[in-house]
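Here is what each chain is made of, one letter per residue.
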Amino acid sequence: MGADFGYRGERLGLPQEGPGSIAPVGRRFAAVFIDWALAALIGYGLLSGRNLDTANNWALVVFLVMSLLTVGTVGSTPGKRLLGLRVISVNGLGKLAVWRVAVRTVLLGLAVPALVWDRDSRGLHDRLSGAVQVRI
């Protein structure tokens, strides 16, 4: 209690504000909401009137594939891109390796790791994959 831990991202060597700083939690939630809405639209479109009970399963598959492909190639999902966020490697502060993106995506699909955060506001899925979400 009362210990000064510094600002979010300080121990990762990130700036306190501006580009390259830790992404705000509200923007991250909004980005996930946008990505999930897009995945749901695509998932429901794939079913086009068939059994809607499986539509959520398709939406999850689309969400995970979209996350894997977009974070693996350009470093951000459509929602993150719209809100000015990017996923980068903590070690090299560059694009994540493909295997790290795969680990992050699988853990994100489990949902629980994304709900466990550290003091830098990094979810367990980001910690285990060596990633951090920053402003661009």
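For the structure itself, consult the block above.
Analysis parameters
Residues numbered from 1 in each chain as written. Predicted model: local features only at pLDDT ≥ 70, side-chain atom pairs only at ≥ 80, totals over all residues. Heavy atoms only, no water. 1 Å grid on protein atoms, 1.4 Å probe; cavity = no way out; pocket = protein on both sides within 12 Å on 5 of 7 lines; lining within 4 Å. Points joined across faces, edges and corners; volume = space filled by probe spheres on them. Helix = DSSP H or I, 4+ residues; strand = E, 2+ residues; numbered from the N terminus. Buried < 20%, exposed > 50% of the residue type's maximum accessible area, 1.4 Å probe, protein only. Contact = heavy atoms within 4.5 Å. Expected span 1.5 Å × (residues − 1). Pairing = 2+ DSSP bridges. Salt bridge = Lys/Arg side-chain N within 4 Å of Asp/Glu carboxyl O.

Caption draft 1: A look at the layout of surface pockets. Space inside the largest pocket adds up to approximately 360 Å³. Every residue lining the largest pocket is counted, 17 residues in all, and those nearest its centre are Phe29, Val32, Leu108, Ala114 and Leu115. Only helix 1 (25-47), helix 2 (55-73), helix 4 (98-110) and helix 5 (112-115) provide two or more residues apiece to the lining of the largest pocket. No other element matches helix 1, which puts five residues into the lining of the largest pocket.

Caption draft 2: A look at the side chain of Ser76. Positionally, Ser76 belongs in the loop between helix 2 and helix 3 (78-82). We classify Ser76 as buried; its relative accessible area is 3%. Discounting residues that sit within four places of it in the chain, Ser76 has contacts with Thr70, Val71, Arg81, Leu85 and Arg86.

Caption draft 3: Quick peek at helix 1. The end-to-end C-alpha distance of helix 1 is 33 Å, a good match for the 33 Å that 23 residues give at a rise of 1.5 Å each. The set of residues buried in helix 1 consists of Arg28, Ala31, Asp35, Ala39, Ala40, Gly43 and Leu47. Looking at the buried positions of helix 1, the neighbouring elements they touch are helix 2, helix 3, strand 1 (85-89), helix 6 (124-129) and strand 2 (131-135).

Caption draft 4: Layout of the pairing of strand 2. Burial analysis of strand 2 places five of its five residues in the buried class, the great majority of the element. In strand 2, alternate side chains face the same way, and those of Ala131, Gln133 and Arg135 on one face and Val132 and Val134 on the other are all buried. Alignment of strand 1 against strand 2, held across five bridges, turns out to be antiparallel. Bridge pairing links Ser89 to Ala131 in strand 2.

Caption draft 5: Molecular detail of the pattern of salt bridges. A full pass over the atoms with the stated rule returns five salt bridges. One salt bridge connects Arg11 with Asp120, and the closest N-O pair in it is separated by 2.7 Å. Here Arg11 is found in the segment before helix 1, whereas its partner Asp120 is found in the loop between helix 5 and helix 6, with 109 residues between them in sequence. Arg11 gets classed as partly exposed once you look at its relative accessible area, which sits at 47%. Here Asp120 falls in the buried class, since its relative accessible area comes to 2%. Across the pair Glu17 and Arg135 runs a salt bridge, and its minimum N-O distance is 3.4 Å. Remark: Arg135 occurs in strand 2 and Glu17 occurs in the segment before helix 1; sequence separation between them is 118 residues. On the accessibility criterion, Glu17 (58% relative accessible area) is exposed. Because the salt bridges share partners, they merge into one network encompassing Arg11, Asp118, Asp120 and Arg127.

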